[in-house]
Structure formats: C-alpha cells, structure tokens
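Structural characterization, general
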Amino acid sequence: GAFALSGDAAATTGTLRIALPANTMSVATRESGAFTMENVTLPQSGLNVTFVKMSGINGQIATAEGKPIANASLTLAQNGQAVQTAQTDANGAFALSGLEAGDYSLQIAMPADSGATLPAEAGLTAQADGTYTIDRLSLAYGEEHSLSLTATLLCAVRGTVTESGAGAAGLTVT
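Read on for an overview of the structure. (Residues numbered from 1 in each chain as written. Predicted model: local features only at pLDDT ≥ 70, side-chain atom pairs only at ≥ 80, totals over all residues. Heavy atoms only, no water.)

Quick word on the overall build of the protein
Looking only at helices and strands, the protein features 0 helices and 15 strands. For the protein, whose C-alpha radius of gyration is 26 Å, the value lies well above the compact-globule estimate of 16 Å for 174 residues. Structurally, the protein occupies a C-alpha span of about 95 × 35 × 30 Å along its principal axes. When contacts within the protein are restricted to residue pairs at least 6 apart in sequence, those whose partners lie at least 24 apart make up 60%. As presented, the protein carries roughly 11100 Å² of accessible surface, and 50% of it is formed by carbon and sulfur atoms. Taking the average place of the 6 positive charges on the side chains of the protein and the average place of its 14 negative ones, the gap between the two points comes to 2 Å. (Helix = DSSP H or I, 4+ residues; strand = E, 2+ residues; numbered from the N terminus. Rg over C-alpha atoms; globule rule 2.2 N^0.38 Å. Contact = heavy atoms within 4.5 Å. Areas by Shrake-Rupley, 256 points an atom, 1.4 Å probe, with all protein chains shown as cover. Lys, Arg positive; Asp, Glu negative; His and termini not counted. Charge placed at Lys NZ, Arg CZ, Asp CG, Glu CD.)

What follows is the structure, encoded as structure tokens:
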C-alpha cells in the first residue's frame, strides 16, 4: 500500500516508523514487526519498504499410542549458537516462531521421569549425553515447518529387596 505523511514544513529531517504486520521483519533494517528510518531528509518521495513473513517450527512429541511427552526441552541453534528454546506442553506440543530463513539444528532433551526415548529416524541422531539432535532444518521466509516425533516408552522394574523387613545389600538384580 501507498503512504503519504504531512508535517511541519519547516522540518528538514525526521524519523519514519512503520508498524508492520505480526510475525514479519523489515528487509532493510531486519527489525521485527517494524521499519524505522531515522534522519530522513524531507521532503522525501519514492521510498519503498519491503518486509517478509518470519518462519516457524512447531510439532508434537508423543508415543505411537498417542501419549504426549510433556516437559521435553528443545533448543534451536544456528551456526552453533542457541537462538530459541521451548518446552513441550501437557499435550506434547511445542512451537518456535519469529525465525529468519536459514539452516538450523534442533536439540531435544527428554524429561528424565518420562521413561521415553526417541528411536533413530532419518535426520535424528542420539547423542552421548542422552539428548537427540536434528542436524539440519532449512527454513525459507514464511515457512512453517511441522515435526511429529514418535517416542518409545522404556519399561522399568523398581522395587526393594528385603530380608527380615530390612533392605538387603550386596545383591545383584538382573
């Protein structure tokens, strides 16, 4: 859309600020949701403002049976630097938004009390520290990337071995 501003005829410079739509970024200034140009020489004509829609990654972590995995921690990185974090909600859902186009990696840490693991899938790598990494997620401006990760619940047997009502020590349980 075209715009025109009127003001004090004696002014020779000014600041132009344009509020952009939600989840967008100015191409020229890389400002999120706004375009600001200071020390604009007045009068001014032929000014073009370009913006792009930001990108996002959303998804869910659940078992094949549909049991959501809550409280999994996700860290999104670009060029080895963390740029955003999220945690799955009670439904196992997560969202990372307001992202610039580019290549990212996503690290996932399952909650210790979930008894869940992520099986090896294309692009998903188990790390020695117990986390999982998706090494390359490429986003274009305006792209919403959706991930659906299927967790496997590990079974566990917990209990106490007692002898005459007291905990027994030095036993091997297999």
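Examining the sheet that holds strand β11 (residues 124–126)
Judged by pairing direction, the sheet is antiparallel, and its 5 strands sit side by side in the order β7-β6-β9-β12-β11 without closing on themselves. This sheet does not close on itself; its edge strands, each paired only once, are β7 (81–87) and β11. Strand-to-strand twist of the sheet, defined as the mean angle between neighbouring strand axes without regard to direction, takes the value 25 degrees. Looking at chain direction, β11 and strand β12 (residues 132–139) are connected through 3 bridges and run antiparallel. For T125, the partnering residue across the bridge sits in β12 and is T133. (Pairing = 2+ DSSP bridges. Axes fitted to C-alpha atoms, helices over the stretch in contact; angles between N-to-C directions.)

Comments concerning the environment of Q78
Relative to the helices and strands, Q78 is located in strand β6 (residues 73–78). Measuring from C-alpha to C-alpha, the distance between Q78 and A11 comes to 44 Å, with 67 residues separating the pair along the chain. Setting aside chain neighbours within four positions, we find Q78 in contact with V83, A101, G102, D103 and Y104.

Concerning the nonpolar core
Nonpolar side chains tend toward joint burial in soluble globular proteins. The biggest cluster of nonpolar side chains holds 24 residues, and the ones touching the most others in it are I57, I61, L106, I108, M110 and L118. Elements represented by at least two residues in this core include exactly β5 (55–63), β6, β8 (93–99), β9 (102–109), β12 and β13 (144–153). A total of 4 residues in this core trace back to one element, the largest contributor, which is β12. Here I61 is in contact with P68, I69, A72, T88, G92, F94, I108, M110, L118, L149 and A151, once residues within four sequence places are set aside. (Core = buried A, V, L, I, M, F, W, Y, C linked by side-chain atoms within 4.5 Å. Buried < 20%, exposed > 50% of the residue type's maximum accessible area, 1.4 Å probe, protein only.)

Topic: the side chain of S114
By the secondary structure assignment, S114 is in the loop between β9 and β10 (116–117). Judged by its relative accessible area of 16%, S114 falls in the buried class. One polar contact links the side chain of S114 to the main-chain carbonyl oxygen of P111, over a distance of 2.8 Å. In this structure S114 touches I69 and L153, once residues within four positions along its chain are discounted. (Polar contact = N/O pair within 3.5 Å; in protein donor to acceptor, adjacent residues only side chain to side chain.)

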